[in-house]
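Notes for the structure review
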2 protein chains.
Amino acid sequence: MGSYTASSQSSKLFFRQLFEKESSTYTYLLADVSHPDKPALLIDPVDKTVDRDLSLVKELGLKLIYALNTHVHADHITGTGLIKTKSPGVKSIISKASGSKADILVEPGDKVSFGDLFLEVRATPGHTSGCVTYVTGDGPDQPQPRMVFTGDALLIRGCGRTDFQGGSSLQLYKSVHSQIFTLPKDTLIYPAHDYKGFSVSTVEEEMLYNPRLTKNQETFKGIMENLNLAYPKMMGIAVPANMVCGLQDTTS
Amino acid sequence: MGSYTASSQSSKLFFRQLFEKESSTYTYLLADVSHPDKPALLIDPVDKTVDRDLSLVKELGLKLIYALNTHVHADHITGTGLIKTKSPGVKSIISKASGSKADILVEPGDKVSFGDLFLEVRATPGHTSGCVTYVTGDGPDQPQPRMVFTGDALLIRGCGRTDFQGGSSLQLYKSVHSQIFTLPKDTLIYPAHDYKGFSVSTVEEEMLYNPRLTKNQETFKGIMENLNLAYPKMMGIAVPANMVCGLQDTTS
């Protein structure tokens, strides 16, 4: 292992990792605290923890401007709709490729700016056909090392399943190798879920130790085809709700 | 809110936060990666996640030298004993005031060194009579902002109960106010547990928003006396085991 940094440094960035235990979902709060408004965004908020998240935003004196999803989740309902109801002015963001409704539909290469900081949108389909990964900017004022919010495309020592919602193991393999493993080795990986209690990894660690993505493409395909997973309990409720950014979404 | 840094920076420190879901326990892995041996320590390991922790230590090329407990836990069995069995050479550490067995019994003011980094031991009784808090060192090469591992003395927006194991609400109040709230405001607080999905806080945040510790001493005492909590399910098994640093401890 060459690179070891386990936290990103920036004079501007405020960062918090938050966890929803039932679905083992990570929500991420980022803000530019050097900006007078302290503009903030939430990545992958969960409906059940919206009050916790908004309370924290308020205590910290941040101004929430965006609520982003990495994809249409099948295991929990996004908090986006509830956030928009409780905090008018917040804009929901999801990929155009997801086919969902949201205030802003992003495409690969788009930037999501908050103050002087920004996230870059990368297409990482394979878990679902509309999955995107958000990467912190590359530049002198942006956080170093870079941080990548991979959704379910790449998990710590794992990856999202590929057997529904337009999933494709070959597409996922290509997405991770071309869009995530090409980032600097010390890039910090923050996934949408963890089931084993890991909080963060790095590109270098996953390139060395991910038990699935270190295999060749054919072996990976075989692994993914033989997971024999049950369908998520929440799927029938969560997917239709998340296609409109949460049941309580007010954009439609 | 004046200070916002949510991660600590050091050219030497490697840091990982790990979670055990059943008991909502955080385990912390710290190492000095600037030292040729990459000496590492684990704070509050859990028996059920020892294999995960040791596997990570191995993958990262670290040399685990210490397994520390902040106190005799009542809700889970420490991983210390198992770690010593699986990784001979690792020394267990707990406070002398805990009355427990371990390889090294620390007292307030002691330093636990790993490479060029160290933790300072502070007595923070109140949850149990032997609780200690570990604080990263104060100095030019030590992590900035400082990091404090508070065990159950101070939780994020909460604190440990004080109704058994020599607990005392007045003692806990004094411990937190004299030993933790006197640290720099941007000190990062890493507790032994979180039940709401928070991962980190700061001294400033808890001094402003902790719903218990921001009250005066008498009000705090009243709150703690009226929690009406059930005894931990694991208590009858965990406390005797943890008094010898885990059932499988080889020191006794």
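Reference entry: report on the structure contained in this document. (Residues numbered from 1 in each chain as written. Chains lettered and ligands numbered in written order. Predicted model: local features only at pLDDT ≥ 70, side-chain atom pairs only at ≥ 80, totals over all residues. Heavy atoms only, no water.)

The amide bond that connects Q144(A) to the next residue, P145(A), takes the cis arrangement and shows omega of -10°. Although it is not a glycine, K38(A) adopts a positive phi angle of roughly 50°. Locating K38(A) in the fold gives a position in the loop between β2 (25-32) and β3 (39-43). One non-glycine residue, Q165(B), lies in positive phi territory at about 55°. In this fold, Q165(B) is placed in the loop between β10 (147-151) and α3 (169-180). (Helix = DSSP H or I, 4+ residues; strand = E, 2+ residues; numbered from the N terminus.)

Scanning all chains against the criterion turns up 28 salt bridges over all chains. The shortest N-O distance in the salt bridge between R52(A) and D53(A) comes to 2.9 Å. For R52(A), a relative accessible area of 11% gives the class buried. Salt-bridge contacts for E120(A) lead to R122(A); the nearest nitrogen and oxygen are separated by 2.8 Å. A network of salt bridges, in which partner residues are shared, links R16(A), E59(A), R157(B), E205(B) and E206(B). (Salt bridge = Lys/Arg side-chain N within 4 Å of Asp/Glu carboxyl O. Buried < 20%, exposed > 50% of the residue type's maximum accessible area, 1.4 Å probe, protein only.)

By the alternation rule, side chains of strand β7 (residues 111-114) of chain A split into V112(A) and F114(A), which are all buried, and K111(A) and S113(A), of which none is buried. Counted along the chain from β7(A) to the antiparallel partner strand β8 (residues 117-123) of chain A, the turn is two residues long, and its residue G115(A) has a positive phi close to 65°. (Pairing = 2+ DSSP bridges.)

Glancing now at the side chain of D194(B). Positionally, D194(B) belongs in the loop between β11 (188-191) and β12 (201-202). Notably, D194(B) is buried but unbridged: the nearest opposite-charge side chain belongs to R52(A), and the N-O separation is 6.6 Å. Polar side-chain contacts of D194(B) include one of 2.8 Å to the backbone nitrogen of K196(B). Sequence-distant contacts of D194(B), defined by excluding residues within four places in its chain, comprise F19(B), S24(B), Y26(B) and I156(B). (Lys, Arg positive; Asp, Glu negative; His and termini not counted. Polar contact = N/O pair within 3.5 Å; in protein donor to acceptor, adjacent residues only side chain to side chain. Contact = heavy atoms within 4.5 Å.)

Before going further, it helps to spend a moment on empty space enclosed by the protein. One pass over the full model with this rule turns up one cavity of 30 Å³ or more. Roughly 70 Å³ of volume is contained in the largest cavity. Along its surface, the largest cavity is lined by 13 residues, and F19(A), Y26(A), S199(A), F19(B) and Y26(B) are the ones closest to its centre. (1 Å grid on protein atoms, 1.4 Å probe; cavity = no way out; pocket = protein on both sides within 12 Å on 5 of 7 lines; lining within 4 Å. Points joined across faces, edges and corners; volume = space filled by probe spheres on them.)

All quantities given are derived from atomic positions and should not be read as evidence of function.
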